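# Coordinate analysis (summary)
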Amino acid sequence: MNRNWQDSLNFISKLTPLRAWNAFLLVFSYLFSKLSKSPVHFGMPTAISIEPTTSCNLRCPECPSGLRSFSRPTGMLGNEQFQRLMNELSPRLSYLTFYFQGEPYLNPSFLNQVQIASKKKVYTTTSTNAHYLSDEVSKKTVESGLDRLIISLDGTSQETYEQYRVGGKLDKVIQGTKNVIRWKKELRSKTPYVVFQYLVVKPNQHQLQEAERLGRELGVDKVVFKTAQIYDYENGSDLIPTIEKYARYKKGIDGQWHIKNELKNHCWKMWHSCVITWDGKVVPCCFDKDAHYQLGDSAQESFKSVWKGEPYKEFRASLIRSRSEIEMCKNCSVGTKVWA
């Protein structure tokens, strides 16, 4: 069977009537809100991202974790807090991403938390730089029930790889990938679905075909080319690729660079998903790296009271009124992944 279909069937197998009904309510309320231009909302999130930690071992130049530039505290998601969230959210939750900022495997409780979610039949995924996928950790990863493992590649030679993944070692990425794939075979497991994610920047854009070849040789399930977010893009950047297909930005007739994405006054993410930081802060989406748009604190109150609260209602209303005035949205590039 095609491995993409296997992954899709795995996700579908976790759906329940309640989760399907919840998804229907979200779609209905989102479409109604677009038509009525009023923030009507039913249901609970069908997908969330939760942050295992803000800590990271690398120094990537466009990442707050790598730059150590956070204005919010650094820490680790605790088991007690995570268990409480799962107890509340899992009946309606279909998709859980263990990632926001930082390297998930630095949290010693990470795989235990994956196991908790897996036992509740929630589809789980994470993104890693693969430097901690030792033989033992790779075995535990497969045993945890993790459904999807996204491995950042970003270069097929050490010289190219380290231009963005500063402080990283490509041989560790490759060995970690081999370890996971070997343990999948040893344990006769169909999961995790292993994805090579290649963040396309100018220094590595010449190795796209080599990345596909490497993925095939190692036996990963998919190779994904992703466009890069640049914070100060207006005057250009050495990281913006010259291959137009893989750039989030284009140069205007005024000589300034502009984001390609049209900021229409609606956003599906605000209806079906959110991000929860390691210490429980609820923020609208992954573009709010420093939690400037905190809409509530799940460590202090139920998640439902945050999701249905006035701050969330007002944020959705402001997005419908004028999304371009929300600072977080100005660098949004939803829809700029390119699948290999």
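Data block above holds the structure.
First, a word on what this report is: a plain description of the structure on this page. (Residues numbered from 1 in each chain as written. Predicted model: local features only at pLDDT ≥ 70, side-chain atom pairs only at ≥ 80, totals over all residues. Heavy atoms only, no water.)

### A word on the pattern of salt bridges
Tallying each qualifying case throughout the model produces 14 salt bridges. In this structure, K184 and D221 form a salt bridge, with 3.4 Å as the shortest nitrogen-oxygen distance. On the criterion of sequence distance, the pair formed by K184 in helix α8 (residues 170-186) and D221 in the loop between α9 (208-218) and β6 (222-227) is long-range, its members being 37 residues apart. No difference in accessibility class separates K184 from D221, as the two residues are buried. Residues R321 and E314 are paired through a salt bridge, measuring 2.8 Å at the closest nitrogen-oxygen approach. Under the relative-accessibility criterion, R321 is labelled exposed at 53%. Because the salt bridges share partners, they merge into one network encompassing D279, K281 and D297. (Salt bridge = Lys/Arg side-chain N within 4 Å of Asp/Glu carboxyl O. Helix = DSSP H or I, 4+ residues; strand = E, 2+ residues; numbered from the N terminus. Buried < 20%, exposed > 50% of the residue type's maximum accessible area, 1.4 Å probe, protein only.)

### Considerations on the packing of helix α4 (residues 79-89) against helix α5 (residues 110-119)
Between α4 and α5, whose axes approach to 10 Å, the crossing angle comes to 15°. By the criterion of interaxial angle, the relationship of α4 to α5 is roughly parallel. Where α4 crosses over α5, the handedness of that crossing is right-handed. For the pair α4 and α5, the contacting residues are N79, F82, Q83 and M86 in the first and N112, Q113, I116 and A117 in the second. Taken together, the residues that form the contact of α4 with α5 break down as four nonpolar, four polar and no charged. (Axes fitted to C-alpha atoms, helices over the stretch in contact; angles between N-to-C directions. Parallel < 35°, antiparallel > 145°, perpendicular 65-115°, else oblique. Left-handed = near helix turned anticlockwise from the far one by under 90°. Contact = heavy atoms within 4.5 Å. Nonpolar A, V, L, I, M, F, W, Y, C, P; charged D, E, K, R; others polar.)

### Looking at the pairing of strand β4 (residues 148-152)
The buried fraction of β4 is high, at five of five residues. Judged from the four bridges that link them, strand β3 (residues 123-128) and β4 form a sheet pairing that is parallel. By the bridge assignment for β4, T128 is matched with I151. Taking the sense of rotation as the criterion, the β-α-β connection linking β3, helix α6 (residues 135-144) and β4 turns out right-handed. Of the strand pairs in this sheet, β4 and strand β5 (residues 193-200) are connected by five bridges, and their pairing is parallel. Following the sheet pairing, I151 is matched in β5 by F196. (Pairing = 2+ DSSP bridges. Right-handed = clockwise from strand over helix to strand, strands pointing away.)

### Some words on α5
Each turn of an α-helix holds 3.6 residues, which means side chains three or four residues apart point in the same direction. Across the 10 residues that make up α5, a large majority, seven, are buried. Where α5 is concerned, the buried positions are F110, L111, Q113, V114, I116, A117 and S118. Each element contacted by the buried residues of α5 is listed here: α4, β2 (95-98), β3 and α6. In the segment just after α5, K121 is the residue with positive phi, at about 60°.

### A look at the nonpolar core
Looking at soluble globular proteins, one finds that nonpolar side chains tend to be buried together. In this structure, F82, L96 and F303 are the most contacted members of the largest nonpolar core, which totals 81 residues. Ranked by the residues each element gives to this core, the list is headed by α8, at six residues. Setting aside anything within four residues of it in sequence, one finds F82 in contact with I50, L77, L96, F98, Q113, I116 and A117. (Core = buried A, V, L, I, M, F, W, Y, C linked by side-chain atoms within 4.5 Å.)

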